[in-house]
Amino acid sequence: MVSANGGLSLERKRAIVSALCKSRSLDASKFLEDEGSDIKSLSVNIMKTAYENNEEFNKWVAFAENFPSDSAACLKGLSQLNEYLINYSVLVGGGYRPSDADIIVFSTVHPYVVSLPNTDRNKLPHVMRWMDYIQSTHDFGELFEKIVLEKAPFDPPLAKQTTKVEAEVSTKKVESSTKKAAPNAKAANSGAESEKKSDSSKKQATGKTEAATEKKKLPEKVPDDKEKELSVTLLKIQVGLIRKASKHPSADSLLVEEIDVGEGKCRQVVSGLAKYCSPDELTNRLVALITNVKPGKLRDVVSEGLVLCASNADHTVVEPLIVPEGAKVGECITFSGHEGKPEDVLNPKKKQLDKITPNLFTDDKGVATFKGVPFMTSAGPCTSTIPNGSVK
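Below: a short report on this structure. (Residues numbered from 1 in each chain as written. Predicted model: local features only at pLDDT ≥ 70, side-chain atom pairs only at ≥ 80, totals over all residues. Heavy atoms only, no water.)

Before going further, it helps to spend a moment on the overall build of the protein chain. A tally of regular secondary structure across the protein chain gives 13 helices and 15 strands. Per-residue burial over the protein chain gives 39% buried out of 392 residues. Within the protein chain, counting contacts between residues at least 6 apart in sequence, those at least 24 apart form 66% of the total. Surface summary for the protein chain: the accessible area is close to 23,000 Å², and the carbon and sulfur share equals 52%. (Helix = DSSP H or I, 4+ residues; strand = E, 2+ residues; numbered from the N terminus. Buried < 20%, exposed > 50% of the residue type's maximum accessible area, 1.4 Å probe, protein only. Contact = heavy atoms within 4.5 Å. Areas by Shrake-Rupley, 256 points an atom, 1.4 Å probe, with all protein chains shown as cover.)

What follows deals with helix H3 (residues 39–53). Along an α-helix, residues three or four positions apart point the same way, because every turn accommodates 3.6 residues. Along its 15 residues, H3 runs 21 Å from first to last C-alpha, staying within 8% of the 21 Å computed at 1.5 Å per residue. Looking only at H3, the buried set comprises Leu 42, Ser 43, Ile 46 and Ala 50. The buried side chains of H3 occupy one side of the element, clustering within an arc of 100 degrees when seen end-on. Opposite the buried face of H3, at more than 90 degrees from it, the exposed residues are Lys 40, Lys 48 and Glu 52. (Expected span 1.5 Å × (residues − 1). Arc of directions from axis to C-beta.)

Mapped onto the secondary structure, Tyr 96 falls in the loop between helix H5 (71–84) and helix H6 (100–114). The class of Tyr 96 is partly exposed, set by a relative accessible area of 26%. In sequence terms Tyr 96 and Lys 365 are 269 residues apart; their C-alpha atoms lie 9.1 Å from each other. Filtering out sequence-adjacent residues up to four positions away, Tyr 96 remains in contact with Ser 89, Val 90, Tyr 133, Val 367, Pro 374 and Pro 381.

When we look at burial in helix H4 (residues 55–65), the residues that qualify are Phe 57, Trp 60, Phe 63 and Ala 64. Buried residues along H4 cover an arc of 120 degrees about the axis, so they all sit on one side. Turned more than 90 degrees away from the buried face of H4, the exposed residues are Glu 55 and Glu 65. In this structure, the buried residues of H4 make contact with H3, H5 and H6. Capping of H4 at its N-terminal end is provided by Asn 54; its side-chain oxygen lies 3.1 Å from the backbone amide nitrogen of Glu 56. (Polar contact = N/O pair within 3.5 Å; in protein donor to acceptor, adjacent residues only side chain to side chain.)

Let's shift gears to the nonpolar core. Of all hydrophobic cores here, the largest spans 27 residues; its most connected members are Ile 237, Leu 308, Leu 321, Ile 333, Phe 335 and Phe 375. Those elements giving two or more residues to this core turn out to be strand S1 (237–247), strand S4 (286–290) and strand S11 (368–370). The residues touching Phe 335, leaving out its near neighbours within four places in the chain, are Val 232, Ile 237, Phe 370, Val 373, Pro 374 and Phe 375. With 25 residues, the next largest nonpolar core counts Phe 57, Val 92, Leu 124 and Met 128 among its residues. (Core = buried A, V, L, I, M, F, W, Y, C linked by side-chain atoms within 4.5 Å.)

This next bit is on the environment of Leu 286. Tracing the backbone shows Leu 286 in strand S4. Exposure remark for Leu 286: the relative accessible area of 18% places this residue in the buried category. Once the C-alpha coordinates of Leu 286 and Val 239 are considered, the two residues, 47 residues apart in sequence, prove to be 6.7 Å apart. In this structure, Leu 286 is in contact with Val 239, Gly 240, Leu 241, Leu 321, Val 323, Pro 324, Ala 327 and Val 329, ignoring residues within four places of it in sequence.

Here we come to the side chain of Glu 319. Relative to the helices and strands, Glu 319 resides in strand S9 (residues 318–320). One buried charged side chain, Glu 319, makes no salt bridge at all; its nearest oppositely charged neighbour is Arg 285, positioned 5.0 Å away. Here the side chain of Glu 319 touches Ser 384 through a polar contact of 2.7 Å, side chain to side chain. A polar side-chain atom of Glu 319 sits 2.7 Å from the main-chain amide nitrogen of Thr 385. With residues up to four places along the chain from it excluded, the contact list for Glu 319 reads Cys 309, Ala 310, Ser 384, Thr 385 and Ile 386. (Lys, Arg positive; Asp, Glu negative; His and termini not counted. Salt bridge = Lys/Arg side-chain N within 4 Å of Asp/Glu carboxyl O.)

Here five strands make up an open sheet; going across it, the order is S3-S2-S1-S4-S7 and the pairing antiparallel. In the strand order of this sheet, the two ends are held by strand S3 (267–271) and strand S7 (306–307), each with one partner. Taken together, the six bridges between S1 and strand S2 (residues 255–260) define a ladder with antiparallel strand orientation. Paired with Leu 241 across the strands is Asp 260, a residue of S2. (Pairing = 2+ DSSP bridges.)

Another aspect to go through is unusual backbone geometry. Even without glycine at this site, His 315 takes up a positive phi of about 60 degrees. When you line up the elements, His 315 lands in the loop between strand S8 (309–311) and S9. Of note in the backbone geometry, Asn 388 takes a positive phi value of approximately 50 degrees without being a glycine. Tracing the backbone shows Asn 388 in the loop between strand S14 (380–381) and strand S15 (390–391).

Going through the model one piece at a time under the given rule, you end up with three salt bridges. Asp 260 is the salt-bridge partner of Arg 243, the closest N and O atoms lying 2.8 Å from each other. Taken together, the residues span a long stretch of sequence, with Arg 243 in strand S1 and Asp 260 in strand S2 at a distance of 17 residues. Arg 243 sits in the partly exposed class, given a relative accessible area of 44%. Residues Glu 263 and Arg 267 are paired through a salt bridge, measuring 3.0 Å at the closest nitrogen-oxygen approach.

Have a look at this one:
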């Protein structure tokens, strides 16, 4: 006869085993047969089986075990990792939460990445972004040297070195032309003219050298501006609460929302959601709102923001991004590995928003991302019920 406490303990054990197995896609019946084992032993067996049967996890364990030590093969392995991370924030699961596989691979590649010159690091932007994300979500203490991302797209020492080499080549040309000028002057028995020609050649060559150096220096700032135009940090995306939503007075496809972003008064925003959402569905809903777009009128109604929405491929399903409960009204949405100050107001002539939105999408788990990096709030990432959709 089983006592009341024994029955309760057995039911608790079954509940724990069932939950653990379901979360790891395992058959719980295999473990429920072993009723004599304690919860700790059962849990360890479930975790062990989960790892043994997890093909994704084992693939990255094999990657770590076989990671080469020589520099050429090491860079090739990192390039393969970089290519994989183009479409993923983490290694296993397709979501945003790092797994043990991420820790294993991070620990394996870290010493090699730390020793890479910036020229090689710049070839691995997704690896660098991933490593920055892992070290920002896990405190390794003094175990690993923290990797600092380079903000400039090019390595400044390399640019200076190139300029120096250019100058040295030009100087050699000067010396060569000077040597050729001397015999010509001697043949003409005109030492003074030779010296003048030599000085003139040197000045011309020096002028060319300086001009070449200036030309070489100018492009150093250009990549920064281009990169800045494509950076998601240009956008000021805030958590907003829709206090009120109503139909547009003169456009059936538009809705007018009063959105609170913690500024003391609500912003009036016009959005094309009438076909997909009713005013009641939007009222009291948290949204991700771009607040630094230039205010403008849509059918005679002023709009002071842009509600970010996910949509499927043919745009038959559209919905505002889902901001997690607990996110604070007015807080800015961040992207791990991307730092910078947003524009006060986006310049429509530069088409900054048009250049950024192609890189906004939901992953196969529905997490909203910029190039695979989640939209993060203090309460977690923004999501959508639409996986692999576009966001704008």
